[in-house]
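Summary of the model geometry
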Amino acid sequence: MTTRRFALVVEYDGRAFCGWERQPHCESVQAAVERALSRVADEPIRVVCAGRTDSGVHALGQVVHFDTRARRLEDAWRRGANANLAAGVAVVAAHEVPGDFHARFSARWRHYRYLLLNRPDRPAVLHGRVAWDRRPLDLARIRAAVGPLVGTHDFSAYRASACQAPSPVRTVHALDVQRRDAQFCFDVVADGFLHRMVRNIVGVLLAIGAGEAEPEWAREVLESRDRTQGGVTAPAEGLYLVRVGYSARYSLPAVLPDSGVW
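All of the points below concern the structure found in this document. Quick caveat, the model's predicted, so the values are computed rather than measured.

**Some remarks on the overall build of the protein**
In terms of regular secondary structure, the protein is built from five helices and ten strands. On C-alpha atoms alone, the protein measures out to a radius of gyration of 19 Å, which is about the 18 Å that the 2.2 N^0.38 rule sets for 262 residues. With respect to the three principal axes, the spread of C-alpha positions in the protein is 60 × 40 × 35 Å. Taking all 262 residues of the protein together, the buried fraction comes to 53%. Pairs at least 24 residues apart make up 70% of the contacts formed inside the protein by residues separated by at least 6 positions. Charged side chains of the protein number 35 positive and 29 negative; the gap between the two group centres comes to 4 Å.

**Re the environment of Leu85**
With respect to the element layout, Leu85 can be found in the loop between helix 2 (74-83) and strand 4 (89-97). The spatial distance from the C-alpha of Leu85 to the C-alpha of Leu37 is 9.2 Å, given a sequence separation of 48 residues. Setting aside its immediate chain neighbours within four residues, Leu85 contacts Ala32, Val33, Ala36, Ala90 and Val91.

**Description of helix 4 (residues 197-209)**
Given a rise of 1.5 Å per residue, 13 residues ought to cover 18 Å, and the 18 Å separating the end C-alpha atoms of helix 4 matches this to within 8%. Most of helix 4 is tucked away, with 13 of its 13 residues classed as buried. Gly211 occupies a position one or two residues after helix 4 and carries a positive phi of about 85 degrees.

**Some words on the packing of aromatic side chains**
For the structure on display, the rule yields ten aromatic pairs. Here Phe6 and Trp77 contribute two aromatic rings whose centre-to-centre distance is 5.6 Å and whose plane-to-plane angle is 50 degrees, an arrangement assigned as tilted. Note that Phe6 is positioned in strand 1 (residues 4-12) and Trp77 in helix 2, a separation of 71 residues in sequence. An identical accessibility class is assigned to Phe6 and Trp77; each is buried. Taken together, a centroid distance of 4.9 Å and an interplanar angle of 55 degrees make the contact between Phe101 and Tyr246 tilted. One end of the pair, Phe101, is in the loop between strand 4 and strand 5 (109-117); the other, Tyr246, is in the segment after strand 10 (239-245), with 145 residues separating them in the sequence. Of the two residues, Phe101 and Tyr246, neither departs from the other in class, the shared state being buried. Each member of the aromatic cluster is reached from another via a ring pair, and the members are Phe6, Phe66 and Trp77.

**Structural notes on helix 1 (residues 29-41)**
The terminal C-alpha atoms of helix 1 lie 18 Å apart, and with 13 residues this matches the ideal 18 Å at 1.5 Å per residue to within 8%. Here helix 1 lies mainly inside the structure; eleven of its 13 residues are buried. Buried residues along helix 1 sit in contact with strand 1, strand 3 (58-68), helix 2 and strand 4.

**Some remarks on the layout of surface pockets**
Approximately 1,000 Å³ is the volume attributed to the largest pocket. Around the largest pocket sit 36 residues that line it, and Gly51, Arg52, Phe193, Leu194 and His195 are the ones nearest its centre. Of all the elements in the fold, those that place two or more residues in the lining of the largest pocket are strand 2 (48-49), strand 5 and helix 4. Broken down by element, the lining of the largest pocket gets its largest block of residues, three residues, from helix 4.

**Considering the packing of helix 3 (residues 139-146) against helix 4**
Direction vectors running N to C along helix 3 and helix 4 enclose 135 degrees, while the axes themselves pass 8 Å from each other. Here helix 3 lies oblique to helix 4, going by the angle between them. Crossing of helix 3 over helix 4 shows right-handed handedness. Between helix 3, through Arg141, Ile142, Ala145 and Val146, and helix 4, the contact on the second element is made entirely by Leu205, Ile208 and Gly209. Grouping the constituent residues of the contact of helix 3 with helix 4 by class yields five nonpolar, one polar and one charged.

**Notes on the state of the cysteines**
Per the counting criterion, the structure on display carries one disulfide. Across a sulfur-sulfur distance of 2.3 Å, Cys18 and Cys26 are joined as a disulfide pair. Residues Cys18 and Cys26 are joined by a disulfide whose S-S torsion is about 85 degrees; by sign, that bridge is right-handed. On the basis of relative accessible area, Cys18 is assigned to the partly exposed category, the value being 24%.

Cut-offs applied
Residues numbered from 1 in each chain as written. Predicted model: local features only at pLDDT ≥ 70, side-chain atom pairs only at ≥ 80, totals over all residues. Heavy atoms only, no water. Helix = DSSP H or I, 4+ residues; strand = E, 2+ residues; numbered from the N terminus. Rg over C-alpha atoms; globule rule 2.2 N^0.38 Å. Buried < 20%, exposed > 50% of the residue type's maximum accessible area, 1.4 Å probe, protein only. Contact = heavy atoms within 4.5 Å. Lys, Arg positive; Asp, Glu negative; His and termini not counted. Charge placed at Lys NZ, Arg CZ, Asp CG, Glu CD. Expected span 1.5 Å × (residues − 1). Phe/Tyr/Trp six-rings, centres within 6.5 Å; stacked < 30°, edge-to-face > 60°. 1 Å grid on protein atoms, 1.4 Å probe; cavity = no way out; pocket = protein on both sides within 12 Å on 5 of 7 lines; lining within 4 Å. Points joined across faces, edges and corners; volume = space filled by probe spheres on them. Axes fitted to C-alpha atoms, helices over the stretch in contact; angles between N-to-C directions. Parallel < 35°, antiparallel > 145°, perpendicular 65-115°, else oblique. Left-handed = near helix turned anticlockwise from the far one by under 90°. Nonpolar A, V, L, I, M, F, W, Y, C, P; charged D, E, K, R; others polar. Disulfide = S-S within 2.5 Å.

The following block contains the structure:
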């Protein structure tokens, strides 16, 4: 029996998981999704994701693909998976895709969002869903620092020291920072991301916004290509994988669920 390939858009709250990737001694998003799909398919299912997220990192539009011999309608995968998933993970779209589609390697861009509450007191209702910084932050200073980070660069200084990507070169298509009342929103779109790249960028920008460094420091860190020259890595709980973009030939809509975040 021939196999068919399906792509899913998955939303999850990262607080209950040790990250996306399957781990032997803790619950991962990947393991939860695979168990649910295997029950629907009545056969073992393994999924490939667009971007592996760390422990505590959330997703609104993670994309995965899987192959199966099971004959199910697109919507049956969505409804069936959700019936077998615990709270905190949901499949929000399902589409059959050509056999050459690959959730990771076919992706043209990825969009991450970082949310931060900026006030003297820690969050309660939003605990675990936003990062928190009590230091007064200056939006104008932060915006003055982002320009040099846009474009194609060696981001060695903005990746984790344990990052295993073969090349540190990435192209940042857009880096935008907005403020709404006490909440900051950092949006970063790139062709791909290095391990902890967004969180390290945000860490540098927050130090600049707090007046601990000048806006030129973001460029100086970039040009140093030295991780030790960077700032503190921003916490995981503020980070969301928002959506992933693909060629139109795959007929896979760039689904952004109405999650109520920002």
